[in-house]
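What follows is the residue order along each chain.
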Amino acid sequence: MSNLNNDILYLIFEELQDDDNTLYSCLLVNKTWCESTVPILWKDPWKRLKNGKERSLLNVIISHLSKESRNNLGQHFDFLIESYQNSLFNYISFCRHLNLNEIQRIIDVELVQEKSSISIITSEIINLFINGNANYKTLYIPQQLDCQIRLIPGTESCFSEIEFLSCHTNINNNILFGLIETCKSIKQLELIIEGNDNNYEIVKLIESAGNLFKISFINKCLYVNESFCKILENSLIRHANTIENFKISTKPLVTKVLSSFANLKRLELDNSYENLPWNCLNYSSLPCLQFLYAKGVPICALTSLIASTSGQLIEIKIDHIPHEEIDNKRIIQAIYQKCPNLRYLKLMLRNRNILELKNLLVNCRNLSGLFIISNMVDTFGWDNLFEILTETSPTSLFRFKFSFCYKPIKLEFLKFFFDNWKDRHSLVLQLSRLDNIGNIGDLIEKYKADGIIKKCNEVCGGDFEWI
């Protein structure tokens, strides 16, 4: 394998691009492997940057500066007087993801004592990355960046194929107009919405986007000028037929624009203020919705939204939010009435509604993973739950997560669950507070040996990831 040519090696290493340890090992095999691995690692060096390693990356970047530039900067930064060896590779030429947020952060962290001159080195480094030979796919713009990007030679070719852009809504015009002129291929847009000094011209950036299919509104604060929000939200109507993925954080929309996204497939709602009504969901009909993720959003609003769908939902994740038993019953009913193709579900289950879960299991026969959260105030009937699961679960369902805040599950209830799961697919199970369940380790090992349990550990990781 060490004799494979560069093209084949590159294709292999691309498949390993998320496996850092393996890629780092490949660097050491021989020169050919190293030459094929370095471009993979430097496509997006920012995602691999670990705390404490900022200076190392900054030194590599600075080594690409000309000797004249380093000497000029050395008048402001003593460490640049040090000798820099020429890099073995032109690392910057491999970069396809330009994260100016991270560049700004690295400079701020490493040159904190030289704040008055930071803009000088920032400008030099930006000029390194923005050149006629570069071609980026993603671009992150920091809030305080103040330079005329469009006047830097090579900007147009660098940004002509940008597909993902992240910027703040109070972006200054020097940056904004440069982005509007050059970024014509944006498909994914992340807007960090500030509380003050928002730039109304940002809507021109939205309107100029090519085939926009993913939008994220990340609100930095609760109180944002309502007229700005309306203009911003209404500017999305132009892309109503192409938007498939929409994310909102901190606060709800102020308009009914969500209902215009006829082809929306994925909706993420992250609410930081539990007392907000989220009425924008009550007016929405999303027939194509497949993925619904919600945190801190009122259950009544989510029930209304689910009821407006047309049977396409395959994943529903609703993080813990306090609500009454009747509202818990209604959302469970909405799910089993409107989501026959559901595969993964995360939901709080109130004790009085355990029987409603039976109806859900009967109607959602494609269910593959179930994450149940018990309520703090309930004395939860785990024995009743496990009886229903063993009797009614579809054959596709064998992945479970159980999260409880108060009393841990009794060992006898778990034993009943395992004993009655015989002749089914082995369980992949995660439980919270494992340490509080006496002798749980011995019980798990016994049922592993019997083939009842495949894996069992503490609740951790992603919501629909069973490790």
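Located above this text is the structure these notes cover.
The following refers to the structure shown. (Residues numbered from 1 in each chain as written. Predicted model: local features only at pLDDT ≥ 70, side-chain atom pairs only at ≥ 80, totals over all residues. Heavy atoms only, no water.)

**Focus on the overall build of the protein**
Reasoning step 1: A tally of helices and strands in the protein yields 17 helices and 14 strands.
Reasoning step 2: Across its three principal directions, the C-alpha atoms of the protein cover 75 × 60 × 40 Å.
Reasoning step 3: Relative to its 467 residues, the protein shows a buried fraction of 51%.
Reasoning step 4: Long-range pairs, those at least 24 residues apart, make up 71% of the contacts in the protein with a sequence separation of at least 6.
Reasoning step 5: Summing over all exposed atoms, the protein offers an accessible surface of approximately 22000 Å²; the carbon and sulfur share of this is 46%.
Reasoning step 6: Here the protein contributes 49 positive and 53 negative side-chain charges, whose respective centroids are spaced 4 Å apart. (Helix = DSSP H or I, 4+ residues; strand = E, 2+ residues; numbered from the N terminus. Buried < 20%, exposed > 50% of the residue type's maximum accessible area, 1.4 Å probe, protein only. Contact = heavy atoms within 4.5 Å. Areas by Shrake-Rupley, 256 points an atom, 1.4 Å probe, with all protein chains shown as cover. Lys, Arg positive; Asp, Glu negative; His and termini not counted. Charge placed at Lys NZ, Arg CZ, Asp CG, Glu CD.)

**Quick look at the environment of Pro-142**
Reasoning step 1: Tracing the chain through its elements places Pro-142 in the loop between strand E2 (138–140) and helix H8 (155–159).
Reasoning step 2: Using a relative accessible area of 9% as the deciding quantity, one classes Pro-142 as buried.
Reasoning step 3: Between the C-alpha atoms of Pro-142 and Asp-442, which are 300 residues apart in sequence, the distance is 53 Å.
Reasoning step 4: If near-sequence neighbours (up to four positions away) are discounted, Pro-142 is found in contact with Leu-100, Asn-101, Gln-104 and His-168.

**A look at the pairing of strand E8 (residues 291–295)**
Reasoning step 1: In terms of burial, E8 is a largely internal element, four of the five residues being buried.
Reasoning step 2: The sheet contact formed by strand E7 (residues 266–271) and E8 spans five bridges and is parallel. Bridging across to E8, Leu-269 finds its partner in Ala-294.
Reasoning step 3: Pairing of E8 with strand E9 (residues 315–318), which is carried by four bridges, proceeds in the parallel orientation. The partner of Phe-291 across the bridge, within E9, is Glu-315.
Reasoning step 4: After leaving E8, the chain enters helix H12 (residues 299–307) and then returns to the sheet as E9, a path that is right-handed. (Pairing = 2+ DSSP bridges. Right-handed = clockwise from strand over helix to strand, strands pointing away.)

**Concerning the nonpolar core**
Proteins that are soluble and globular tend to have nonpolar side chains buried together.
Reasoning step 1: With 137 residues, the main nonpolar core has Phe-129, Ile-141, Phe-246 and Phe-402 as its most contacted residues.
Reasoning step 2: If you tally residues by element for this core, the top one is helix H7 (residues 118–129), at six residues.
Reasoning step 3: Here Phe-402 is in contact with Ile-372, Trp-382, Leu-385, Phe-386, Leu-389, Ile-409, Phe-417, Leu-429, Gln-430, Leu-431, Ser-432 and Val-459, once residues within four sequence places are set aside.
Reasoning step 4: Formed by seven residues, the second largest nonpolar core is a distinct cluster that contains Phe-13, Trp-33, Ile-40 and Leu-41. (Core = buried A, V, L, I, M, F, W, Y, C linked by side-chain atoms within 4.5 Å.)

**As for unusual backbone geometry**
Reasoning step 1: Phi at Trp-278 takes a positive value of approximately 55°, unusual for a residue other than glycine.
Reasoning step 2: Assignment of secondary structure puts Trp-278 in the loop between E7 and E8.
Reasoning step 3: Overall, the relative accessible area of 0% leaves Trp-278 in the buried class.
Reasoning step 4: Its identity is not glycine, yet Asp-423 carries a phi of approximately 65°, on the positive side.
Reasoning step 5: Relative to the elements of secondary structure, Asp-423 occurs in the loop between helix H16 (411–419) and strand E13 (427–431).

**So, the pairing of strand E4 (residues 188–193)**
Reasoning step 1: Counting buried residues in E4 gives five out of six residues, a clear majority hidden from the surface.
Reasoning step 2: Of the strand pairs in this sheet, strand E3 (residues 164–168) and E4 are connected by five bridges, and their pairing is parallel. Note on E4: the bridge partner recorded for Ser-166 is Glu-190.
Reasoning step 3: Running through helix H9 (residues 173–182), the crossover from E3 to the neighbouring parallel element E4 is right-handed.
Reasoning step 4: Between the parallel pair E4 and strand E5 (residues 214–219), the chain is carried across by helix H10 (residues 202–208), and the sense of this crossover is right-handed.

**Quick word on helix H4 (residues 54–62)**
Reasoning step 1: Regarding H4, the residues found buried are Glu-54, Leu-57, Leu-58, Ile-61 and Ile-62. Mapping the buried residues of H4 onto a view down its axis gives an arc of 135°, with all of them on the same face. (Arc of directions from axis to C-beta.)

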